[in-house]
Each structure stands twice: as C-alpha cells, then as structure tokens.
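Spelled out, the chains give:
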Amino acid sequence: MTFQNNPHEHVVEQDDERQLEWTVAPEQAGQRIDKFITDQLADPAISRTQVQDWIASGAASVGGRAVKANYKLSAGDSLSVTVPEPEDAAIVPEDIPLDIVYEDSDVIVINKPRGMVVHPAPGHSGGTVVNALMHHCRDLSGINGVLRPGIVHRIDKDTSGLLMAAKNDLAHLSLAEQLKAHSVTRKYVALVHDNLHHDIGTIDAPIGRDEKDRKMFTVTTKGSKHAVTHFQVIERIGDYTLVELQLETGRTHQIRVHLKYIGHPLAGDPVYGRNKTVALGGQALHAAALGFTHPRTGERLEFEAPIPDDMQHVLTSLRNR
C-alpha cells in the first residue's frame, strides 16, 4: 500500500491493522473526509466506496469522535483512520514460465511480458507475476503483505519489461529504500504520438487522482504527489516519436499521465491515449533498463531487456510506411 508523503501524517503499525493520523492543513479544509482519506492513501486498490465503508464502521474519527463520510474537514482537525490489512488470501502458486534475467538468494529480476498482471487484484486472482514467483521461489519477502509477497515495485499490466522482486525482508527493505532515495535506475522505451520537438527534456508535474474518474490519474495540485520524468528522443518516425524515459519518481501511471500532459500520449494506450493509434494490445511502453545496488553484497547491478517482438513489429511497420 502506498501512502501520501505528507508532513502532517503519522503512521502507527499494529499486528493486523495500520492506524493513520493527520492534522488537516489550511489548504485542505473544506474537503469531505472520505475524499481526503482516499486521496491521502493514493492506492489504486482502495476505492472511495471502501473508505466510506470504513467510516461507516467507525474506523475513522475526528478529534476522537466518529463522523459520517460527508463530514467537511476544518483546518487543524486531528483525523485518525484505522486501515485493516487485507484478509489472508491463499495465493496459489502457478507453474507459469518466467523470463528470468537474474536470480540469487536475495533478489530476482524478470522480464515481464505485456498483458501480465503483477499481483492479484479484483478480476485478476490468478495468472499474475506473484502466482508465478510463488511457484518458482517458494518463499518471498512478506513485507508487502500476503497479496503482494516480494513485490517492491510494479509495472502496469500492458507494459512489458524489467521487474525486481525480493526473496527476503532484508532485500525488500534495501530495495525499497533505494527506490525512495531515487538511486534505482529505471529506463523505459516508449513510442508516442506526434513529433516531439525537444530532443531532451524533463516533465516535472504533480500527479493525483482524477476527480472525474477515480480510476485514473492526472496532473493536478489537489491531493497530488511530486512526479518527475526525464526524456530523450531516440528516433522520429513520421508522426510518431520513439523516446527513452527515465523515472526520478515512481507514481502510479506516471509515464502515461506525464506524456498525455505534454500532448504526446503513448501509442496504443487504451486509457490515456488516442482512439486512432497503433495495433498493439496495450501501450507501447517497455521497461528496458533496471539498475540497483545488491542488498547484501553492495555490488551495483545493471540489466537490460530488448524491445519485445510485438513493439518491434510496430516500429518496423512505421519505418516502412
């Protein structure tokens, strides 16, 4: 679960739940409590409806007293919410082939195919990276809970490329800290619409949930997180541009949202893209390079994965037009 990096937030860990406490800032006054909590959690797996259920059950309070979901917050309000951990769910190990790029007793790096979900979620209880890892590794770090064992970071279902997972808690803590410190190298190759005129640039724009559609994210100053993406043009192909992108931060859908924001959405993106686009079955986005410091040896590890055949076929077709 990802929580808003908020200076007014305090987290208390318990055995089977997480208690979050905030002091409402002046600029946050006037928000409904259910929207405030949903925005602060910023977790795609947690809906506003679910937060409303928590509030109805008495899991949220302001100044020690229970309130309703439509309660309007005031500056200085002391807000507390108890977030229950997901119920224990049996993740069924599945014998799904993995393209393993690197593996040792602490970490495993795989090249995920387009179309494969990283961890179980509503509508995707099986066939995920986690199901495959559970079969292959037998044991994974438990820090991220029973639903996401070993998962330190993730890439979208329809994004291909490199993904690392932790086999024990020591590795998980180290890799998570490296992500937080922005010392993990994450480079992507993407095909975007139109001719991107600048050869090199940086997109520095905060990302938060779209108020009109809670399943989507957008560039906004409301309930948002700092987000930075660097880009460099690799090749201009007619009315498309092939670019290399490097993440400085790792927000949900960051690349997809940032590219839409600058007017060059990902080709093939079914959510943030255009109706008329390439035939790919997902966004033309590939996690091509991943680098991190080994959590036990301290050695710097760098990995690369070639552009997958389906995306390469699209590029070849565009070049031959």
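Before reading on, note that the structure itself is shown above.
Rules of the game
Residues numbered from 1 in each chain as written. Predicted model: local features only at pLDDT ≥ 70, side-chain atom pairs only at ≥ 80, totals over all residues. Heavy atoms only, no water. Helix = DSSP H or I, 4+ residues; strand = E, 2+ residues; numbered from the N terminus. Contact = heavy atoms within 4.5 Å. Phe/Tyr/Trp six-rings, centres within 6.5 Å; stacked < 30°, edge-to-face > 60°. Buried < 20%, exposed > 50% of the residue type's maximum accessible area, 1.4 Å probe, protein only. Core = buried A, V, L, I, M, F, W, Y, C linked by side-chain atoms within 4.5 Å. Polar contact = N/O pair within 3.5 Å; in protein donor to acceptor, adjacent residues only side chain to side chain. Salt bridge = Lys/Arg side-chain N within 4 Å of Asp/Glu carboxyl O.

Enquirer: I'm lost on unusual backbone geometry in this one. Help?
Expert: Note on backbone geometry: most residues besides glycine have negative phi, and most peptide bonds are trans. Positioned with a positive phi, H182 is a non-glycine residue whose angle comes to about 60 degrees. Its identity as a non-glycine residue notwithstanding, H253 has a phi of 60 degrees, on the positive side. Note that H253 resides in the loop between β14 (240-247) and α5 (254-261).

Enquirer: It is not clear to me how the environment of D106 should be interpreted in this structure. Could you clarify?
Expert: Along the chain, D106 falls in the loop between β6 (100-103) and β7 (107-112). Sequence-wise, D106 and P295 are 189 residues apart; in three dimensions their C-alpha atoms are separated by 7.6 Å. D106 has contacts with A165, A166, K167, N168, A171, H294, P295 and R296, leaving out every residue within four places of it along the chain.

Enquirer: How should I be thinking about the packing of aromatic side chains in this particular structure?
Expert: For any two aromatic rings, the description comes down to two numbers: the centre-to-centre distance and the angle of the planes. Summed over all chains, the structure comprises three aromatic pairs. Where W22 meets F36, the ring centres are 5.6 Å apart and the plane angle is 90 degrees; that geometry is what we call edge-to-face. Here W22, found in strand β2 (residues 17-23), pairs with F36, found in helix α1 (residues 33-41); they are 14 residues apart in sequence, far enough to count as distant. Note on accessibility: W22 and F36 belong to one class, buried. Ring plane angle 40 degrees and centroid distance 6.0 Å describe the contact between F292 and F303, whose orientation is recorded as tilted. Pair noted here: F292 is in strand β15 (residues 285-293) and F303 is in strand β16 (residues 300-304), with a separation of 11 residues, a long-range link. On the accessibility criterion, F292 (0% relative accessible area) is buried. On the accessibility criterion, F303 (11% relative accessible area) is buried.

Enquirer: Is there a simple way to explain the nonpolar core in this structure?
Expert: Within soluble globular proteins, side chains that are nonpolar generally end up buried alongside one another. Core analysis: the biggest nonpolar cluster contains 31 residues, and L133, Y188, L245 and I255 have the highest contact counts within it. Those elements giving two or more residues to this core turn out to be β7, α3 (129-137), β8 (160-166), β9 (185-193), β13 (228-237), β14, α5 and β15. Counting residues per element, this core draws most heavily on α3, at six residues. Those residues in contact with I255 that sit more than four places away from it in its chain are Y188, T229, L245, L247, L266 and L285. Grouped together as the second largest cluster of nonpolar side chains are 21 residues, I46, W54, A60 and V83 included.

Enquirer: Please explain the side chain of Q178 as it appears in this structure.
Expert: For Q178, the position within the fold is in helix α4 (residues 169-180). Using a relative accessible area of 9% as the deciding quantity, one classes Q178 as buried. Setting aside residues no more than four positions away along its own chain, Q178 makes contact with S183, V184, F292, T293 and R300.

Enquirer: Hey, could you run me through the side chain of T159 in this one?
Expert: Within the element layout of this structure, T159 appears in the loop between α3 and β8. On the basis of relative accessible area, T159 is assigned to the buried category, the value being 2%. Engagement of the side chain of T159 in a polar contact is seen with the side chain of Q283, the distance being 3.0 Å. Sequence-distant contacts of T159, defined by excluding residues within four places in its chain, comprise K112, P113, R114, Y188, Q283, L285, H286 and A287.

Enquirer: Sorry if this is basic, but what is going on with the environment of R296 here?
Expert: Checked against the element boundaries, R296 lands in the loop between β15 and β16. In this structure, the C-alpha to C-alpha distance between R296 and A171, residues 125 residues apart in sequence, is 7.3 Å. When sequence neighbours within four positions are dropped, the list of residues in contact with R296 reads D106, N168 and L170.

Enquirer: How should the pattern of salt bridges be read in this particular structure?
Expert: As a working rule, side chains carrying opposite charge can pair if their charged atoms are close by. Per the stated rule, a full pass over the model turns up 15 salt bridges. R256 is the partner of D156 in a salt bridge, and the nearest nitrogen-oxygen pair spans 2.9 Å. With a gap of 100 residues between them, D156 in the loop between α3 and β8 and R256 in helix α5 connect regions that are remote in the sequence. When its relative accessible area of 22% is taken as the criterion, D156 is described as partly exposed.

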